[in-house]
Amino acid sequence: MEGTEGGLRDAQGRRIAPGAKVRSGELEGTVARVEPAYGVLTIITEAARAGKTERMVRASTVEVLEEAPQRPHHEPFIRRYIFSLDHKVIGIQYLFTSLFMALVGGVLAMLIRLQLGWPGVRWGLAAALFPGGFAGGQMKPDFYLAVVTMHGTIMVFFVLTTVLSGGFGNFLIPLQIGARDMAFPWMNMMSYWLLVPAIVVLLASFFVTGGAAGGGWTAYPPLSAIPAAAPGSGLGQTLWLVALAILIVALLFGSLNYITTILQLRTRGMSMMRLPLTIWGLFVTAVLMLLSFPVLFAAAIMLLFDRLGGTSFFVPAGVYVGGEVLSHAGGNPLLWQHLFWFLGHPEVYVLILPAMGMVSDIMATHGRKPVFGYQFMVGSIVAIGVLSFLVWAHHMYTSGMNPLVAMAFMTTTLAIAVPSAVKTFNWLATLWGARIQFTTSMLYAIGFVSLFVTGGLTGVFLAQPPVDIYMHDTFFVVAHFHFVMASAALFGVFAGIYHWFPKMFGRFMNERLGKIHFWLTFIGIYATFFPMHFAGFSGMMRRIYSTQVYAFLADLAPLNVFISVAAFGLGLAQLLFVYNFLYSLRRGPVADRNPWRATTLEWETPSPPPHGNFPDELPVVHRWAYDYSLPGAPDDFVPQTTPLRPAPVAGGQDAGGPQG
Amino acid sequence: MANAPQHSDARGTGLAVALLIVGLVVVGGVGATLYATGRWWLPPVASAHGVAIDRLFYSTLVITGVVFIGVHVLLALFVWRFAARGAGRAVYFHDHRRLELTYTIIPAIALAIMVAMSGIVWARVRLGAPPADALVVDVRGEQFAWLARYPGPDGRFGRVDPRRIDARTNPMGLDPEDPAARDDVVSRTLHLVVGRPVRVQLRSTGVLHSFFVPEFRVKQDTVPGMTIEIWFTPTREGQFEIACAELCGIGHYAMRGQVVVQSPEAFAAWLAQQRPALAPAP
Amino acid sequence: MAAPALRERHAAPGPPPAPPGDGGRWEPSPSPAGRAPARGSAAVTGVWLLAGAVAILFVAFTSTLLVRRAEADWRAGPFPPAFWATTGVLLASSAAVERARARGRAGDLDGLRRGLWVATALGGAFLGGQVVAWGGLLAAGVGLATSAHASFLYLLTGAHALHVAGGVGALAYAGWRAHRALVAPSAMEAATPAAIYWHVVDGLWLYVLAVLFIL
C-alpha cells in the first residue's frame, strides 16, 4: 500500500516506513508512524523489563536494519474481520447487520399483515413461534403494538439508515473519492461496534416484562413516558430509548467521518463538482444526520429523565392514568413531537438521498449515458437537504399547534416537491437517448423512479393541511411513506447491492434470479401498498389492532385480505434475494476489476479492493464521473482517471491506470 | 465470466419492462382507483366545511393523477425506446439549461397554485372565528372512551379536577364545589344539532388521542394539559362513529364513540331528559 | 515529496499536470478543472463538525427550556455560588490552553507541555467543582424533579459535564502526545483539535449559565 517513490529514507537509501526495523542511537524498534512533514517518526521499542514503549525519534538519526515487509497489514483474523479499521470491512459488516435486521423487520411486517388480514383468527403455528405474543392462538393487542413499533423502528433506523449510510457510505466513500480509508478509522470501527449493542438492547426488549415498546416508532409521550399507560411503556420503552441513544452516537461517529473524509481526503483532481452523485447523496445525508440526530438524542435523554427521574419535560400536570393522578407538573407533550420530527423529517431524506445518488450513477452506468443535468442534480440534493429542516411540522397539522403555523409548513413542504420533481425529470432525461442494459441493478433503478414518483405524489395530498386533516394517521400515510421512503430506498439498496456486489466480494450475483426477484418485488410492492391508499380513503387508522370494531371499516375486510396476501408474496420473494446473496458470496461467477465498464474510481482497483484500496499510487482524476458514450473516445466509457487529451493510442480499460 | 455481457439487443426486455410499467402501474393503478371509488372511498360528507375539503381532495387527485400517468408513460416509453439495440452508442447529451429550468419552473408554479388553493380552504376551515350561536361541547378522551359534556342551563362549564375522577360516579371529574359544575350534563354519546355550528373543546385525561369523525372530515388530537377547540357544522342527520386516530395504548383500536346529529327539536328533547351529572340518583 | 500510506494527499498540491500529447479528439468533461482538495488537518475539520453536533444538542435542550419557561409556574432557582468558582476555573483552563498553543506555535515544546498539563488539571478541577455544586444543591433540597428549573439545571450541567470529561480526556491525550513529541509541530497535531474542542465546551458553559440564570 505504500507509495513506490519518495518517502523518508536513511543514509543507505533504505525506506523508513511503518513496519521497518530501525535503530536510532541506543533505541531499537519497529516503526509505528512516520511524519515526513516534520522529519520525525514514532518507533515501538521492546525492552526486556519495560515491555513495549513508544518513542519519537528524528528521521536523521535513524538507521534502517530491515525494510518494512511489502504487506505489513497481515493482521490476525479478529483485527481483520471483526474489529477491523478497514472501511470496506466495516461497510460490509454494516451491510450484513442491516440485512439481518431487515429479515427481523420483515418477519414483524408479516405478523402485522397476519393480524390485519384476518383479525380474530387463531393461528397455531404463529402462536407456537411467538408464545408470548399470542393468547389462545390469537395475537394479543399489546404484542401487536410492539410488533408495529419495532417494525417501524427497525426498518427506519436499523435497516435503511444503517445500510445506506453505514454500508454503502462506508464502502463507497473512500473508494469513489480515491482515498486509502476514512479520516478516522478507529472512530469508524467504534461506530459499527456501537451499533451491535444498540441492536442487542433493542431486541432484548422483546423479552422483558410488558414486552417491547408499543408506542409507535415516534414514541409520542405521555403514552411513552408513563409506564402505567400501556404494557409496552414499561422497561421495553426504556430499552427502546437506550438503544436509540446508542445508535445515534454510532451514526454521529459515522457521519463525522463521512463528511471529514469527503472534504479532506479527495484525491488529486477530485473537485467537489467531479464527485459522483452517490457521494453527493451520502455527503448531504451525513450533514443531515450530524445536524438532526443530536436533537433526537436530546429528546430521548429528556424522555428517559421523565421516565426514570420523575422530571416533567413532556408530561403535563394532572395526568390521570390507570386510576390515579400522577405527580408530574407542567410539561408539554407537543415538545417531543417538535423535537422528534425535527429529526424525523430529515431522517426520511437520510434514507432517500443516498438512494437517489446511487440510482443516478447506476442509471448512467447501465444506460451508457451521462447523468442528465449534473449541476441541477447536485443543486436539488442540496436544496432537499436544506428544506428538509424546514418542514418537520407537516407531521403535526392535527397535533394542536397553531393553525397559522400549518400554513408556513405547507408552503415549505410543497416547495420541497420542486427539487424532487427536478430529479425525476432529470432521470427521465438521462434515459432519453440511452442505450439501456437491463441488468438487475438497472431494473431496480428504473423501479426506484416509479416508486419515488408514486410516493412523492401522495405526499402532495398530505402536505395540504385541509386534506391532511382527513388523511393524517390513516393508511393513506402508511401507503405514502412505504412508497416514497421505504420501498424507494429499498430499491436503491437493491440496485446498489446488485451493482457493487462484484466490487465488494469479487463475484457476481446471479442475474436470472435477480431479475425474477425484481419482477416479484416490484409487483409485490404495488400490490401491497397501492391498495393501502384506499384503506386510507375509507378512514382506516394506523396502528389499529383490528378493523372489526368500527362499522365504517367493515367493508375493508376483503381489501385487507388482498393486501396481506400480496405482502406475504412480497416477503417470500425476498428469500430469493437472501439465497442469491449467500450463494453468490461463494459460488458466483468471478468478477473482473471493472465488469460494468464504469468510470468511477472504485472500478480502477481490483475486485475486491486490497487493503489501502489502490495497489499503487492513488489515482489522479481528470474528468467528471459521467463520460459515457463520449463521441470519438475509443470505448463507450472514459474512466475518471483518463486525462482530457490522451495520447492517441490510449483507450479502453488500459487507459484507466494511474497516469500521474 | 469476467465481465458482464454487453447486450447488443435488449429490446425484448425493454418492451417487457415498459409493459410492466404501463400495465401494472398505469392501467393497474388507475383501474384499481376507479374500482375503489365504489367500495373503499371517502364516506359521504356530513359537514359544511367538508365539502370544500373534498373539492380540494378531488382537484389534488386529478392533478397528481395526470402527473402520475404522464411520468409513468414517459418512463415506459423511454425504457422501451432506448433499450440497447444494434451497435450504436448512447447520445452524449447531458445538459440543456432551458429544458431544466422549464421543468423546475412549471412544477414550482403548479405547487404555488396548490399552496394558494389549500391555503384558502385552510383559512376557511381553521382560521375563521366560530359563529356566536354555536353549540359548545366539551369532549374528553380517556383510555379508551370518549365523554361529552354540555354546560347545562347556566351556559358555563364547571371546574374539573382529575383527582375527583371516579369511573362510576364522576367519570368527568367534576368539582362539586364549583356551582357552575352542578348543572353540567355528561354523556357518553355526543349529540349535535344539524345545521348548527358546534365548538368542540377537546381535552384528554392522560395520553394523546385523536378525535376523528370521518364523515365530518374532522380530526384533531387531544393533548393532556391543553384544551383545543375546533368548530364545524354538521349538515346531515344520523349516527356517526368517533374513532381514535392517535395511538393511545392497547385499546386504541376499540376507542369507539358515537355522534348523533339530530334536528333542533330532537336535540332539545334529548337534552331536557338529561340529569346533571352531579345530581343525586332519584 | 510523496509520503507513505495515508498521507499522500499532503504531498499532492495543485491541479494535476496536463499530460503531453496531441490527441484532443475527445475531451469534453463539463466539470471545471479539478482543484486539490481542501487542505488542513482532518482532525480540525472533524472537531468543528463535532462542535456543530454538540451545539445542536444543547440548542435542542435549551429550546425546550425556552418553551417551558413561558409557562406560568416557572420559577428560576437561585444561582449556586459554587458555579462562580467553577466558571473561573474553566475560563482559566481555556486561557492555559491558549497559552499552550501560543508556546507550541512558537516552537516551545516545554511550554506547550506545561500549558496542556495545567489545562488538563484545571479541567479536572472544574469537574470536581461541579460535583461539589450539585452536592450543595441536593443538600439544599433541590432535586432533579423539584422544579422545572432544577430539572433543566441538572440536565444541562450534567450533559455539559460529560462533554467536559471528554475534553479533559482529549487534553490529557494531547499532553501525552506532547510529552512524547520531539518537535512542537508534531505535538500540535493533537493539541490544536483538543484546544478547539476545549474552547467550545468552555463557551458552552457560558451559554448554559446564560440560558439558566440570565434569560
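Only a predicted model underlies this, so the values are computations on that prediction, with no experimental measurement involved.

Before going further, it helps to spend a moment on the overall build of chain B. In terms of helices and strands, chain B carries 4 helices and 10 strands. Sequence-ordered secondary structure for chain B, helices as α and strands as β, is α-α-α-β-β-β-β-β-β-β-β-β-β-α. Taken over C-alpha atoms, the radius of gyration comes to 28 Å for chain B, far larger than the 19 Å a tight globule of 282 residues would show. When its C-alpha atoms are laid out on the principal axes, chain B stretches across 95 × 45 × 35 Å. In chain B, the proportion of contacts linking residues at least 24 apart, taken out of those at least 6 apart, comes to 70%. Carbon and sulfur atoms make up 62% of the accessible area of chain B, which amounts to about 12200 Å² in all. For chain B, the distance from the average site of its 27 positive side-chain charges to the average site of its 22 negative ones is 8 Å.

What holds strands together in a sheet is hydrogen bonding between their backbones, with the strands either parallel or antiparallel. Residues and elements named next belong to chain B. Ordered by their spatial adjacency, 5 strands build an open sheet running β3-β2-β1-β5-β8, and the pairing between neighbours is mixed. Each edge of the open sheet is held by one strand with a lone partner, namely β3 (185-187) and β8 (228-232). Averaged over all pairs of adjacent strands, the angle between their axes in this sheet comes to 25°, without regard to strand direction. Here strand β5 (residues 198-204) pairs with β8 via 5 bridges, running antiparallel.

Here the distance between the centres and the angle between the planes together describe a pair of aromatic rings. Residues and elements named next belong to chain A. Inspection of the entire model under this criterion finds 86 aromatic pairs over all chains. When the ring of Phe505 is compared with that of Phe581, the centres are 6.1 Å apart and the planes differ by 85°; the resulting orientation is edge-to-face. Placement of the pair is Phe505 in helix α14 (residues 475-505) and Phe581 in helix α16 (residues 557-587), with a sequence separation of 76 residues. The same class applies to Phe505 and to Phe581, which are both buried. Residues Phe518 and Phe522 carry aromatic rings whose centres are separated by 5.5 Å and whose planes lie at 20° to one another, so their mutual orientation is stacked. Here Phe522 and Phe518 lie together in helix α15 (residues 511-537), a separation of 4 residues that amounts to about one turn.

Contact residues are listed per partner, giving 125 residues for chain A and 109 residues for chain B. Buried area between chain A and chain B, both sides added, is near 10000 Å², and the carbon and sulfur share of it is 72%. The interface formed by chain A and chain B holds 0 salt bridges in total. Taken together, chain A and chain B are joined by 31 residue pairs in polar contact (both at pLDDT 80 or more).

Attention shifts here to the confidence of the model for chain C. All names here are of chain C. Predicted confidence across chain C gives a mean pLDDT of 84, with 81% of residues reaching 70 or more. Scored below 50 in pLDDT, residues 1-25 shows 50 contacts in the model against residues more than four places distant or in partner chains. This stretch, residues 34-38, has a pLDDT under 50; its non-local contacts, to residues over four places away or in other chains, come to 18 contacts.

For the rest of this paragraph, the subject is helix α2 (residues 48-81) of chain B. Residues lying three or four places apart along an α-helix face the same way, a consequence of the helix completing one turn every 3.6 residues. Taking 1.5 Å per residue, 34 residues should reach 50 Å; α2(B) reaches 50 Å between its end C-alpha atoms and fits that length. N-cap assignment for α2(B): the residue whose side-chain oxygen lies 3.2 Å from the backbone N of B:Gly50 is B:Ser47.

With that settled, the discussion passes to the environment of B:Ala87. All names here are of chain B. Mapped onto the elements, Ala87 comes out in the loop between α2 and α3 (97-127). Using a relative accessible area of 82% as the deciding quantity, one classes Ala87 as exposed. Taking the C-alpha atoms as reference, Ala87 lies 8.7 Å from Asp9; in sequence the two are 78 residues apart.

Okay, unusual backbone geometry next. In this structure, the amide linkage connecting A:Pro221 to the following residue, A:Pro222, adopts the cis form with an omega of 5°. Note on placement: A:Pro222 falls in the loop between α5 (185-204) and α6 (235-264). Although it is not a glycine, A:Arg597 sits at a positive phi angle of roughly 55°. Locating A:Arg597 in the fold gives a position in the segment after α16. Phi is positive for B:Arg217, which is not a glycine, with a value near 55°. In this fold, B:Arg217 is placed in the loop between β6 (209-213) and β7 (218-222).

Residues and elements named next belong to chain B. By the assigned domains, chain B splits into domain 1 (11-83 + 99-127) and domain 2 (135-273). In this complex, domain 1 contributes 13 residues to the contact, which on the side of domain 2 involves 15 residues. Taken together, both faces of the contact between domain 1 and domain 2 bury some 1000 Å²; the carbon and sulfur share is 47%. At the boundary of domain 1 and domain 2, one finds 1 salt bridge. Among the ionic pairs, Asp54 bridges to Arg217, the shortest N-O distance being 2.7 Å. When contributions to the side of domain 1 that touches domain 2 are tallied by element, the ones reaching two or more residues are α2 and α3. With 5 residues, the single largest contributor to the side of domain 1 that touches domain 2 is α2. When its residues are assigned to classes, the side of domain 1 that touches domain 2 shows 8 nonpolar, 3 polar and 2 charged.

All names here are of chain B. Here we have 5 strands laid out as an open sheet, ordered β4-β10-β9-β6-β7, and mixed in their pairing. Looking at the sheet topology across the chains shown, the edges are occupied by β4 (189-193) and β7. Adjacent strand axes in the sheet meet at a mean angle of 25°, parallel and antiparallel pairs treated alike. With 5 bridges connecting them, β4 and strand β10 (residues 257-262) associate as parallel partners. Bridging from a neighbouring strand, Thr189 pairs with Gln258 of β10. Relative to the sheet, helix α4 (residues 264-273) contacts β4 and β10, its axis offset from that of β4 by approximately 140°.

The rules behind the values
Residues numbered from 1 in each chain as written. Chains lettered and ligands numbered in written order. Predicted model: local features only at pLDDT ≥ 70, side-chain atom pairs only at ≥ 80, totals over all residues. Heavy atoms only, no water. Helix = DSSP H or I, 4+ residues; strand = E, 2+ residues; numbered from the N terminus. Rg over C-alpha atoms; globule rule 2.2 N^0.38 Å. Contact = heavy atoms within 4.5 Å. Areas by Shrake-Rupley, 256 points an atom, 1.4 Å probe, with all protein chains shown as cover. Lys, Arg positive; Asp, Glu negative; His and termini not counted. Charge placed at Lys NZ, Arg CZ, Asp CG, Glu CD. Pairing = 2+ DSSP bridges. Axes fitted to C-alpha atoms, helices over the stretch in contact; angles between N-to-C directions. Phe/Tyr/Trp six-rings, centres within 6.5 Å; stacked < 30°, edge-to-face > 60°. Buried < 20%, exposed > 50% of the residue type's maximum accessible area, 1.4 Å probe, protein only. Buried area = accessible area lost by both parts, 1.4 Å probe. Salt bridge = Lys/Arg side-chain N within 4 Å of Asp/Glu carboxyl O. Polar contact = N/O pair within 3.5 Å; in protein donor to acceptor, adjacent residues only side chain to side chain. pLDDT = per-residue confidence, 0-100. Expected span 1.5 Å × (residues − 1). Domains from an automatic or database assignment. Nonpolar A, V, L, I, M, F, W, Y, C, P; charged D, E, K, R; others polar.

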